[in-house]
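For reference, the chains in residue letters:
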Amino acid sequence: MRFQLTEDQKALRAGMRELLARRFDGEALRAATEEPGLDRALWRELGAAGFFALRVPEADGGVGLGLPEAVLVFEEAGRALLPGPLVATHVAAGTVPGAASGEAVVTDVDSGGLVEWLSEADVVRGDATGAVPLRSVDPLTPLHRVPGAVGAPGRSSTTAPGRFSTTSPGRFSSTSFTRDPSPSGLPVSRSPHAADPVAVLLTAAEQLGTATRVCELAVQHAGAREQFGQPIGAFQAVKHLCAQMLVRAETARAAVYAAAVTADPVDVAAARLLADEAAERGARDCLQVHGGMGFTWECEVQLHLKRAWVRARRAGGGAESEELLAVELLA
């Protein structure tokens, strides 16, 4: 089995990076932090590029690709800090009208009771009754909490007026799961409290994008910033920080890519934990390399750290993946 990217996969990744560089560059990122909101034109452009319909079969009007390709484009989205409920809309493509084309913005009630971008969403999957706004640490990810919610399939769905509501299929449990009959090939849960495995993996891909980007930023700064007459990258302590960031990012990359190929629940859980660590620790180490300026509003690094914190609590959080791995080790 070959684990190198094909030429088509490389072209897909390059095309997505080019699109995001053109439509959501550093200037657009800073503007979004000043006036948070969902760019509907960009959302539709992503739909036209096949971002949401990537895994929808061609017979149903989609692109007809698989999880490995989805992981590549979500890695690029994470690298660019693209805002919006990307994972929820992608997972809903093919089942929720308008999601595949980017005409409909979809969010869902997470298994932990958090809802991203509730006010902007056209479609809410799950019961968002009683949702209250939270002060999100990430200025680009507005959050609501649903008291007592678990985001479980089969719950009654009540949403704000004018919103279509449904529930999310394809969830899996660490203690009881079967195979999903849909094209995803991932397990389905018999437990109502587990997170969607596709959402877990795509969140891990976004975290991988952040881990890669903050490593790049740290190396660039270490080569440009001078102290005592030489670049700070010449000092051993800074070299070690950058090297550790790279090792964590590449370890996470191997795990995320492998999970996309195997579609094994244990692999997905391991990939999620490694990607969370690579993103969070990498962003902290990047801040260390930047020093005090890393915390300033103009610096991109602090936004990556905040987004990594929010993602780490999405789709069941790390605890659910740890539980799955523990069950597997004890089996």
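Note: the structure precedes this text.
Here we look at the packing of aromatic side chains
Per the stated rule, a full pass over the model turns up 4 aromatic pairs. Ring plane angle 35° and centroid distance 5.0 Å describe the contact between Trp43 and Phe52, whose orientation is recorded as tilted. Considering the side-chain rings of Phe51 and Phe74, the 4.8 Å spacing of their centres and the 40° angle between planes classify their relative orientation as tilted. Here Phe51 is found in the loop between α3 (40–48) and α4 (67–80), whereas its partner Phe74 is found in helix α4, with 23 residues between them in sequence. Taken as a pair, Phe51 and Phe74 share a single burial class, namely buried. Ring pairs connect the aromatic residues Trp43, Phe51, Phe52 and Phe74, which therefore count as one cluster.

Some details on helix α9 (residues 300–311)
Here α9 is 12 residues long and its end C-alpha atoms lie 17 Å apart, about the 16 Å a rise of 1.5 Å per residue gives. By the criterion of burial, α9 is predominantly enclosed, with 11 of the 12 residues buried. Where α9 is concerned, the buried positions are Glu300, Val301, Gln302, Leu303, His304, Leu305, Lys306, Arg307, Ala308, Val310 and Arg311. In this fold, the buried residues of α9 make contact with α2 (26–34), α4, β2 (114–116), β5 (143–145), α6 (197–224) and α8 (265–290).

Quick notes on the environment of Gln4
Tracing the sequence through the fold places Gln4 in the segment before α1 (7–23). You can call Gln4 exposed: its relative accessible area is 60%.

Brief notes about the packing of α6 against α8
For the pair α6 and α8, the least separation of the axes is 8 Å and the interaxial angle reads 25°. Taken as axis vectors, α6 and α8 run roughly parallel relative to one another. Note that α6 runs across α8; the crossing there is left-handed. Considered class by class, the residues forming the contact of α6 with α8 number 18 nonpolar, 6 polar and 2 charged.

Some remarks on the sheet that holds β5
On the basis of which strands lie adjacent, the open sheet formed by 3 strands has the order β2-β5-β4 and antiparallel pairing. What marks the edges here is a single partner per strand, and that holds for β2 and β4 (132–134). Taking each pair of neighbouring strands and ignoring which way they run, the sheet shows an average axis angle of 35°. In this structure, β4 lies alongside β5, joined through 3 bridges in antiparallel fashion. The residue of β5 that forms the bridge with Val132 is Arg145.

Definitions and limits used
- Residues numbered from 1 in each chain as written.
- Predicted model: local features only at pLDDT ≥ 70, side-chain atom pairs only at ≥ 80, totals over all residues.
- Heavy atoms only, no water.
- Phe/Tyr/Trp six-rings, centres within 6.5 Å; stacked < 30°, edge-to-face > 60°.
- Helix = DSSP H or I, 4+ residues; strand = E, 2+ residues; numbered from the N terminus.
- Buried < 20%, exposed > 50% of the residue type's maximum accessible area, 1.4 Å probe, protein only.
- Expected span 1.5 Å × (residues − 1).
- Contact = heavy atoms within 4.5 Å.
- Axes fitted to C-alpha atoms, helices over the stretch in contact; angles between N-to-C directions.
- Parallel < 35°, antiparallel > 145°, perpendicular 65-115°, else oblique.
- Left-handed = near helix turned anticlockwise from the far one by under 90°.
- Nonpolar A, V, L, I, M, F, W, Y, C, P; charged D, E, K, R; others polar.
- Pairing = 2+ DSSP bridges.

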